[in-house]
Structure formats: structure tokens, C-alpha cells
Amino acid sequence: MASTPLSLSPPRGMRDFYPEAMRVRNAVFDAWRGAAARFGFEEYDACVVENLELLQRKAGEEIVDQIYAFRDKSGRNLALRPEMTPTLARLVAARRQALALPLKWHCIAQCFRYERATRGRKREHYQWNLDILGEPSVAAENEIVGAAVCALDALGLERSAYRVHVSSRALVGELLDRLEVPPAHHPAVFLALDKLGKLEEPKIRALLSDAGLDASAIARVFELLNVASLDDAEALLGRRTPAAARLAALFEDAEPAGYQEVLTFDIRVVRGLAYYTGIVFEGFDTARDFRAIFGGGRYDNLLADVGGTSLTGVGLGFGDVVIAELLAARGRMPAAAAERDTAVGFMDVAQRRAALRLAARLRAEGRSVDLALAPEKARSFFARAGKQGFREAVYLGPDDLRNGTARIKDLRNRTERPLALD
Ligand code: HAM
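This structure is a prediction, so every number in the text was calculated from the model and none was measured. (Residues numbered from 1 in each chain as written. Predicted model: local features only at pLDDT ≥ 70, side-chain atom pairs only at ≥ 80, totals over all residues. Heavy atoms only, no water.)

1. Describing the sheet that holds strand 2 (residues 49-51)
Strand pairing in a sheet takes place through backbone hydrogen bonds and is either antiparallel or parallel in direction.
Consideration 1: Strand order in the open sheet formed by three strands is 2-4-3, and the pairing between neighbours is antiparallel. Each having just a single partner strand, strand 2 and strand 3 (68-71) make up the two edges of the open sheet. Neighbour to neighbour, the strand axes of the sheet diverge by 40 degrees on average, direction disregarded.
Consideration 2: Examined bridge by bridge, strand 3 and strand 4 (residues 77-80) share four bridges and lie antiparallel to one another. Bridged to Ala69 within strand 4 is Ala79. (Pairing = 2+ DSSP bridges. Helix = DSSP H or I, 4+ residues; strand = E, 2+ residues; numbered from the N terminus. Axes fitted to C-alpha atoms, helices over the stretch in contact; angles between N-to-C directions.)

Encoded structure:
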């Protein structure tokens, strides 16, 4: 019986990385690692497979429904991590006493979420995570946002092309108190605010009503949206509250740190994840054609919640999907050229050993060399080397062996120079 042919596509929402896609991915990773190094973050990593219980307890609520969970052969409940933050909390809680604070860690984590795969959203993505633990002041937020801006600079995204939208859950909490929305309803309001622009307004009103808010409270929640600046917030509060002061301090830091022009107050940013407690931020393209480039904020209770002692943290997640789409749309895709210096080819098996020896020598000098795997006609060798973007090419024929010198051709300016073969 004939079996049906296997699909050659990856599972829905998953990605394959052919070499050209891999070059783009590496360019993004290089920008992330470069920015982390410049800002003094240490790299860590952990296994992609995590205990389901940790994730169910500590991943943002929205994410819990999207977890890829499975049971191993011994009946353990495991999952592919949907985000890195619960794992980071576990790592830090396990070594809490031995770690010098504040700690600044980063990693590039592959994450899996069973989401509806649309533009900007896959079921698997790489996420740069930057976190500072143990620093209560906004100096930590400033370093995190500054590093994200540094990575975007390295990727060639102009400052005018995006904005970092910043708000504070603590500030929104104070505003809701002022508007006499009871604290018990604040989490529902955060969730509803996060849905603005994603759901239509009647649906958001319905969410709030389902959460127990009456019509007048819902109307007061929508009044929040008139708060267009930190000054507006302070006017409504009647004074500079602690949360407003922290946001003001971040705006002050942004000036000497050099990213003031991209920072903008936005009351609608609350973030979908439950664990944030203070300042929250999200990077968006200026035209708002794409989903968030990155997002993060301060979380005060996560470590205590995974069983450690309490420790404040602030961090961000910056995915590889949206930034690649945005760079492509702006014609800023990182150069997709292969990085190989020299192609070595030969006419006949009689020159193969000499070609091997030459390639070994050039490689020992630190060059990246592509050695032909079989004899080839000169014309097809040079055509191939040109097309594959090599800088130089050497082709060995019987005369070269007899003379003990070959010619190395510069494929950019078509000049040649002699190369001794021994
Ligand atoms: P998040 O907002 O869920 O936060 O994700 C952060 C970023 O990861 C998003 O802005 C986006 O760039 C990318 N991302 C998330 N889901 C997907 C997806 N399905 N496909 C493509 N890209 C995606 C967090 O995960 C927090 N744990 C970040 C954090 C770290 N907060 C503090 N430290």
C-alpha cells in the first residue's frame, strides 16, 4: 500500500532556517550580544524543557493557555518554555545566597507558544532576555531600555523609526484609586487596557463588566485614556506620587543616557503578563504597522513566588520575528552575504593533494576557505566563486604545480598576485 508523502513544511508556526535566513538570525543575535556586552550583562542559559508546574504558576496568565506541555516516559509533567522569566526566577532563587547583587544577566532563549500564527507571531521564536535583579532604583530600567536602544542602533534601525512607550502599573493603580475604582478590580483593568487596539471597545467593556465593574466604574476606567502625559497624570493625582516620581526619574536619566528622543509616555502600555508591578515599557515602530518589537518591566514578587526570598527585578524580552519584519520592510535587512574569504579549486585529480595542502595552509592562517570537492573546469570554478561572494579564488592546474606558484585572484577588482605553493 502506497503511503501518503510526508509534508516538507515545518509544523505550523515553526520555522526552518536555511543559510540565508540563518545569516539574518545571526546578525540579529550579534546585535543583541554586542549590546549586552557593552552594557555589562553576563550571558546565561537553561534548558528549553521546563517543569510545567513552574510555568503554570509563574508564566503570565495569557501565556499559560499557550504552553506546549507533555508528559515524559516517567510521567513527569514538562513543557517547552513559553518565556524565560519563570526559569530565570528559578535559577536565581536556587543560588540566591551565592549571587552578588545586583546581577545583570542576559540570554537568547528559544520560546514556544501555541498562538494563532500571524504576522509577527510564530509558535516558536528566539527572545533576547535582559534582566537586572536586586536593584530597586530606576537606574535598572534605564540600563535595560538603553541596551535595547543600543541593539536597535547596531541593527541600523533609525531612531525616528520606533518609540519606547512607557507607563507604570503602580501609576495606573494610583490613578484608578483616584478614580475610585476598587483595588480588587485593578488586575481586570490592566488586562482590559492591554486589549486596547487588539479588541473592539464594546468587547473591552464586556470584559470589564464580566469582571464585576459597574457602568460608572467602566466609564471612569475609560477616563484614564485621556491621560496623555505624565503632567496629565500628576494633575489628576493632585501631586507627584511615588510612582509618578519614578517615571519622571526615568525620563531624566534618558537624557544623559542618550535615548531621550525615543522615550514616550503611554498610559495604554500595561503588558499582558501578570507579574509586572511597576514601570512597564514596549517598543513599537512609529507607524504602528507591526506588533511590539520588545516589552518588559519591573516585577517585585516573582522570586518570592517561586520560593526564594523577595528580590526586585526588571527586564525585557525582545523577539527576533518582529524586528526582522520591520528591518525588511525598511530595506534594512542585515547584509546577507556569506562570510568566506577564499575559494580553492583544481583542474584534475593530479592537483588535488596540492589544493588540499594549500587550503590547509590558508585555513591555518585564519582564513575561511572553501575547497572544491572535485575537479572542475576553470570557467565554472570562477563563475561559482563569483556568485557565492568569495573575495579571492585560487585555481590549480598542472602548470602551477610544475612552477611551484599559483595565482590568487581578487574577485572584486580582478587583480592577481602570485602565491607560492610550498
Ligand atoms: P512578552 O511581551 O510576552 O514578554 O514577549 C516579549 C517579546 O517577545 C515580544 O515583544 C515579541 O518581540 C516577542 N514574542 C513574544 N511572543 C512571540 C511570538 N509568539 N512570536 C514572535 N515573537 C514573540 C515576555 O515574554 C517577558 N518574559 C519579557 C521579560 C523579561 N520581562 C521581564 N524580563
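2. Quick look at the pattern of salt bridges
Consideration 1: Counted under the stated rule, the structure contains 25 salt bridges.
Consideration 2: With its nearest N and O atoms 3.6 Å apart, the salt bridge here joins Glu115 to Arg121.
Consideration 3: Residue Glu115 is classed as buried on the basis of its relative accessible area of 13%.
Consideration 4: A salt bridge links Arg271 to Glu282; the shortest N-O distance between them is 2.9 Å. Separated by eleven residues along the polypeptide, Arg271 in the loop between strand 8 (263-265) and strand 9 (279-285) and Glu282 in strand 9 bring together distant segments of the chain.
Consideration 5: Among the residues examined, Arg271 registers a relative accessible area of 12% and is labelled buried.
Consideration 6: A relative accessible area of 13% means that Glu282 is categorised as buried. (Salt bridge = Lys/Arg side-chain N within 4 Å of Asp/Glu carboxyl O. Buried < 20%, exposed > 50% of the residue type's maximum accessible area, 1.4 Å probe, protein only.)

3. Some points on the nonpolar core
Consideration 1: Core analysis: the biggest nonpolar cluster contains 75 residues, and Trp128, Leu171 and Phe318 have the highest contact counts within it.
Consideration 2: Broken down by element, the residue count for this core peaks at nine residues, all from helix 5 (residues 139-154).
Consideration 3: For Phe318, the residues in contact, after removing those within four places along its chain, are Trp32, Tyr126, Gln127, Trp128, Ala148, Ala151, Leu152, Ile293, Phe294 and Ile323.
Consideration 4: Membership of the second largest hydrophobic core comes to 25 residues, among which are Ile63, Leu103, Cys107 and Tyr299. (Core = buried A, V, L, I, M, F, W, Y, C linked by side-chain atoms within 4.5 Å. Contact = heavy atoms within 4.5 Å.)

4. Structural notes on the domain arrangement of the protein chain
Consideration 1: The assigned domain composition of the protein chain is domain 1 (19-46 + 84-329) and domain 2 (340-420).
Consideration 2: Between the C-alpha centres of domain 1 and domain 2 there is a distance of 52 Å. (Domains from an automatic or database assignment.)

5. A few points about the layout of surface pockets
Consideration 1: The volume enclosed by the largest pocket comes to roughly 1,300 Å³.
Consideration 2: Taken together, 50 residues line the largest pocket, and the ones lying closest to its centre are Arg121, Lys198, Glu282, Arg291 and Ala292.
Consideration 3: At the level of secondary structure, the elements contributing two or more residues to the lining of the largest pocket comprise helix 3 (61-64), strand 6 (124-133), helix 7 (186-195), strand 9, strand 10 (294-299), strand 11 (313-319) and helix 13 (320-329).
Consideration 4: For the lining of the largest pocket, a count of residues per class yields 17 nonpolar, 13 polar and 20 charged. (1 Å grid on protein atoms, 1.4 Å probe; cavity = no way out; pocket = protein on both sides within 12 Å on 5 of 7 lines; lining within 4 Å. Points joined across faces, edges and corners; volume = space filled by probe spheres on them. Nonpolar A, V, L, I, M, F, W, Y, C, P; charged D, E, K, R; others polar.)

6. A short note on the side chain of Glu124
Consideration 1: Mapped onto the elements, Glu124 comes out in strand 6.
Consideration 2: Side chain to side chain, Glu124 and Gln110 meet in a polar contact 3.3 Å long.
Consideration 3: Once residues lying within four places of it in the same chain are set aside, the contact partners of Glu124 are Gly13, Met14, Arg15, Phe17, Gln110, Cys111 and Phe112. (Polar contact = N/O pair within 3.5 Å; in protein donor to acceptor, adjacent residues only side chain to side chain.)

7. Brief notes about the site of the ligand
Consideration 1: Around the ligand there are 25 residues in total, and Glu83, Thr85, Glu115, Lys122 and Tyr276 lie nearest to it.
Consideration 2: Gln127 is positioned such that a nitrogen or oxygen atom in its side chain is 3.0 Å from an oxygen atom of the ligand.
Consideration 3: For the ligand, a nitrogen atom lies 2.9 Å from a polar atom in the side chain of Tyr275.
Consideration 4: Look at the ligand: alone it shows 660 Å² of surface, and the protein chains cover 97% of it.
Consideration 5: When atoms are counted within 2 Å of each cavity's grid points, the one that captures over half of the ligand is the largest pocket.
Consideration 6: Residue assignment for the shell around the ligand shows that the elements contributing at least two residues are strand 6, strand 10 and strand 11.
Consideration 7: Its residues placed into classes, the shell around the ligand shows nine nonpolar, nine polar and seven charged. (Near = heavy atom within 4 Å. Areas by Shrake-Rupley, 256 points an atom, 1.4 Å probe, with all protein chains shown as cover. Sits in = over half its atoms within 2 Å of the grid points.)

8. A few points about the environment of Arg25
Consideration 1: Structurally, Arg25 is set in helix 1 (residues 19-38).
Consideration 2: Residues Arg25 and Tyr126, 101 residues apart in the sequence, show an inter-C-alpha distance of 9.2 Å.
Consideration 3: Look past the residues within four positions of Arg25 in its chain and what remains in contact with it is Phe17 and Tyr126.
Consideration 4: Engagement of the side chain of Arg25 in a polar contact is seen with the side chain of Tyr126, the distance being 3.4 Å.

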